[in-house]
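Single-letter residue listing:
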Amino acid sequence: MWVAGAVKVSGCLAAFSVTLRRCLKLGAAMAKSKFEYVRDFEADDTCLAHCWVVVRLDGRNFHRFAEKHNFAKPNDSRALHLMTKCAQTVMEELEDIVIAYGQSDEYSFVFKRKSNWFKRRARPCHGVELISCIFSFLAPPTVPFASKFMTHVVSQFASSYVFYWRDYFEDQPLLYPPGFDGRVVVYPSNQTLKDYLSWRQADCHINNLYNTVFWALVQQSGLTPIQAQERLQGTLTADKNEILFSEFNINYNNEPLMYRKGTVLIWQKVDEVTTKEVRLPAEMEGRKMVVTRTRTKAVPLHCDVIGDAFWKEHPEILHEDS
């Protein structure tokens, strides 16, 4: 048995040696190109290891886009649901994302700390680098390129926005392609990541409260945008709440949570019920049966992420092996 095992290992090493020689010969041929030097200009934009990688995208010049496409003010539920649909598509395509948060025309995607995205496809292998690629399975996980994170997320999101537009804006044609910009930030600890998401949700509250009062003054009181802006200059949160309640009978706390808190996307198991036709060999016609399947999907929540309750309820998000 030992002899047979030794022969088998020897055969595998011989086959691997032949493959390695062929790859090195190919790499040497490729390295002879006189244009190879241009690769020296490629910037090294790797992300720090063992950190949370966050990609945040924002709509480019979306004030104009919203005006041209007749978005409702201060919030258009169609636009917000479309943004969430696009974010779900991104999460389904890029499964290393553990949580996403969106509000207005922005979305943040958090990749797990141990993500090894593009460890072999960050750039092509040539010459000596080919040996490193072949033996990469022996090395520690490599760190992904920031540009790969950003470009994949933004391109997937933007294409989904165009693809699903008519599902949410049936009577409004898409007049021109929307644009999105993105950035990549790494956060070294769980607390800094939680603080980042808390910052984005606090920003959602501040902006939405202001916009709710601003558009109430414009649409219901007849003020011009400049007059409404002057009316709100220097006001605090309590002042804005008082204007809403005393002048428009609006209790801000009763506004939809999606507007006040934004949207959180996390992975959850969901039961999907479908109807399937089943036909037994002895039967001429099939019978319809209800089938329930459990799938893991990116589920939208409209809840508070600033306090500890959310993180205690969903500890798997920050778990190292989630």
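Quick summary incoming for the structure in this document. (Residues numbered from 1 in each chain as written. Predicted model: local features only at pLDDT ≥ 70, side-chain atom pairs only at ≥ 80, totals over all residues. Heavy atoms only, no water.)

### Observations concerning the packing of helix α3 (residues 77–93) against helix α5 (residues 146–163)
Link 1 in the chain: Interaxial distance between α3 and α5 falls to 9 Å at its minimum, and their mutual angle equals 135°. Between α3 and α5, the angle falls in the class oblique. Remark: the crossing between α3 and α5 carries right-handed chirality. Here Leu-82, Met-83, Cys-86, Ala-87, Thr-89, Val-90 and Glu-93 of α3 come into contact with α5, specifically with Val-153, Gln-156, Phe-157, Ser-160 and Tyr-161.
Link 2 in the chain: For the contact of α3 with α5, a count of residues per class yields eight nonpolar, three polar and one charged. (Axes fitted to C-alpha atoms, helices over the stretch in contact; angles between N-to-C directions. Helix = DSSP H or I, 4+ residues; strand = E, 2+ residues; numbered from the N terminus. Parallel < 35°, antiparallel > 145°, perpendicular 65-115°, else oblique. Left-handed = near helix turned anticlockwise from the far one by under 90°. Contact = heavy atoms within 4.5 Å. Nonpolar A, V, L, I, M, F, W, Y, C, P; charged D, E, K, R; others polar.)

### Considering the packing of helix α7 (residues 190–219) against helix α9 (residues 237–248)
Link 1 in the chain: Interaxial distance between α7 and α9 falls to 10 Å at its minimum, and their mutual angle equals 35°. Between α7 and α9 lies a crossing of left-handed hand. Here His-205, Leu-209, Tyr-210, Thr-212, Val-213, Ala-216 and Leu-217 of α7 lie close against α9, whose contacting residues are Thr-237, Lys-240, Asn-241, Ile-243, Leu-244, Glu-247 and Phe-248.
Link 2 in the chain: Looking at the contact of α7 with α9 residue by residue, the classes come out as eight nonpolar, four polar and two charged.

### Here we look at the nonpolar core
Nonpolar side chains in soluble globular proteins generally cluster together in the buried interior.
Link 1 in the chain: Counting residues in each nonpolar core, the largest one holds 34 residues, and the members touching the most others are Tyr-107, Phe-109, Phe-111, Phe-157, Tyr-161 and Phe-180.
Link 2 in the chain: Those elements that place two or more of their residues in this core are β1 (52–59), α2 (62–68), α3, β2 (97–103), β3 (106–111) and α5.
Link 3 in the chain: One finds Val-98, Leu-197, Val-305 and Trp-311 within the second-largest nonpolar core, a separate group that totals 18 residues. (Core = buried A, V, L, I, M, F, W, Y, C linked by side-chain atoms within 4.5 Å. Buried < 20%, exposed > 50% of the residue type's maximum accessible area, 1.4 Å probe, protein only.)

Everything listed is a geometric property; what it means functionally is a separate question.
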